[in-house]
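Close look at the chain arrangement
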Amino acid sequence: MKRLKIGITCYPTLGGSGVVATELGKQLADRGHEIHFITHSIPFRLGKYHKNIYYHEVEVNNYYVFRYPPYDISLASKMAQVAQMQQLDLLHVHYAVPHAICAFLAKQMVQRELKTVTTLHGTDITVLAQDESLKDMIRLAITRSDAVTAVSSDLIKETRELLDITEPIDLTYNFVDKRVYYPRECTGLRRDYAQPGEKVLMHISNFRPVKRVGDVLDIFARVQAEIPTKLLLVGEGPELSRTQCRVREMGLADKVHFLGKQEDVAQVISIADLMLLPSEKESFGLVALEAMACGVPTIGSQAGGIPELVTHGETGWLAQVGDTAAMAEGAIMLLRDEAKYAAFREACLHRARTRFCNELITTDYEDIYYRVLGLT
Ligand code: GMT
């Protein structure tokens, strides 16, 4: 098949959407495609030098009359410039706002055919499409994309309902690279946080209210009352200080460790026995997939796309949002039953490798590119 020249735009410094976009770029580059990241800074997961990957920085004009420097216009113009100069076949943008709108603008600017693919990740629809000042713009960007993908069926459903969209939306789940996400040897590291015989629960997030970190503490309090357990909290965000205070108030300070932001997520996850994800809203829940690939079952909520990723009773245990008693019960049941835990762990590894692996999902995206380019 033809090697493609693809421009990728995403939020390069935070979030699962940026992680997935960057990893996809790396996978595509490994397959020989030429990848041009068009972003305001180097994507944080890009790491070392990669053959076939180029980076184009978007510079914003800060002229003194601007109260709000026009990033969107600079981005659209950079997209058009790169598309023209590098003869891109298509632009793949992650997160509708403003990236899909910028891609639409860029398309009008170039003097050659340029296809656009938009991937919806979550709050670009579930939160922003509820804002009347953005809704019509998001609908326009989506309907004018040559292909639209979403990371769960639940997100597709919500997009259709909220924006009244009838055009096809491809379901393309997120993925993890199995060469990076696998159960790592971590006996020494685990000893830094837990005594032999103690279990380890973990939560990783950006500590925003939607993650319900209070529920994480509640689940942990219930579990540790029954089984010797430690809780590791990884990441930073607006709810972090409140969480630290709450841990002290609950008298759990000696049982909870705050690890802050971590680079080697697979290594950190491998310390855990269970991942906690009791989110209010989650179109996919990338961290649950990262945990699954490391053999760690997730205890969480049934919000959004989580049930499509975590199979209740097989690779994790899910309950209604806020039902921390049921989530704790599932955790206790798993931690007490060694045989069941081992079966869940095996099921996690198998599901991550077969349904959410890098090769499979990269091929899904490639097929979409060839389709929009009329190359199938
Ligand atoms: O909107 C956000 O919360 C950030 C966004 C992101 O950029 O990471 O998260 C969304 O996209 C992720 C990657 O597809 C999904 O794993 C998250 O579930 C989704 N967040 C929400 O739906 C709240």
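This structure is a prediction, so every number in the text was calculated from the model and none was measured.

So, on to the environment of Thr-166. With respect to the helices and strands, Thr-166 occurs in the loop between α6 (153–163) and β7 (170–171). Separated by 140 residues in sequence, Thr-166 and Lys-26 place their C-alpha atoms 32 Å apart.

With numbering aligned to this structure, UniProt lists the feature "domain: Glycosyltransferase subfamily 4-like N-terminal" (unreviewed entry) at residues 15–177. A helix fraction of 43% and a strand fraction of 17% characterise residues 15–177, whose end C-alpha atoms lie 17 Å from each other.

Each full turn of the α-helix corresponds to 3.6 residues, which orients residues three or four apart in the same direction. With respect to burial, helix α11 (residues 286–293) is a largely interior element, eight of its eight residues being buried. Gly-295 sits one or two residues past α11 and shows a positive phi near 80 degrees.

Turning next to the site of the ligand. In the region of the ligand, 20 residues are neighbours, and Gly-15, Gly-16, Ser-17, Gly-122 and Thr-123 sit closest. For the shell around the ligand, the element with the highest residue contribution is helix α1 (residues 15–30), accounting for four residues. Split by residue class, the shell around the ligand holds seven nonpolar, 11 polar and two charged. Both domains that furnish three or more residues to the shell around the ligand are identified here as domain 1 (5–175 + 357–372) and domain 2 (187–355).

Moving on to the pairing of strand β8 (residues 199–204). Counting buried positions over the six residues of β8 gives five, a clear majority of the element. Pairing of β8 with strand β9 (residues 229–234), which is carried by six bridges, proceeds in the parallel orientation. Counterpart to Lys-199 in the pairing with β9 is Thr-229. You can see the chain leave β8, run along helix α8 (residues 213–224) and come back into β9, and the turn it takes is right-handed. Across two bridges, β8 lies against strand β11 (residues 274–277) in parallel orientation. Counted as the bridge partner of Met-202 is Met-275 from β11.

Analysis parameters
- Residues numbered from 1 in each chain as written.
- Predicted model: local features only at pLDDT ≥ 70, side-chain atom pairs only at ≥ 80, totals over all residues.
- Helix = DSSP H or I, 4+ residues; strand = E, 2+ residues; numbered from the N terminus.
- UniProt positions renumbered as here; feature names shortened; annotations may be inferred.
- Buried ≥ 20, exposed ≤ 12 C-beta atoms within 10 Å, placed from the backbone.
- Near = placed C-beta within 6 Å.
- Nonpolar A, V, L, I, M, F, W, Y, C, P; charged D, E, K, R; others polar.
- Domains from an automatic or database assignment.
- Pairing = 2+ DSSP bridges.
- Right-handed = clockwise from strand over helix to strand, strands pointing away.

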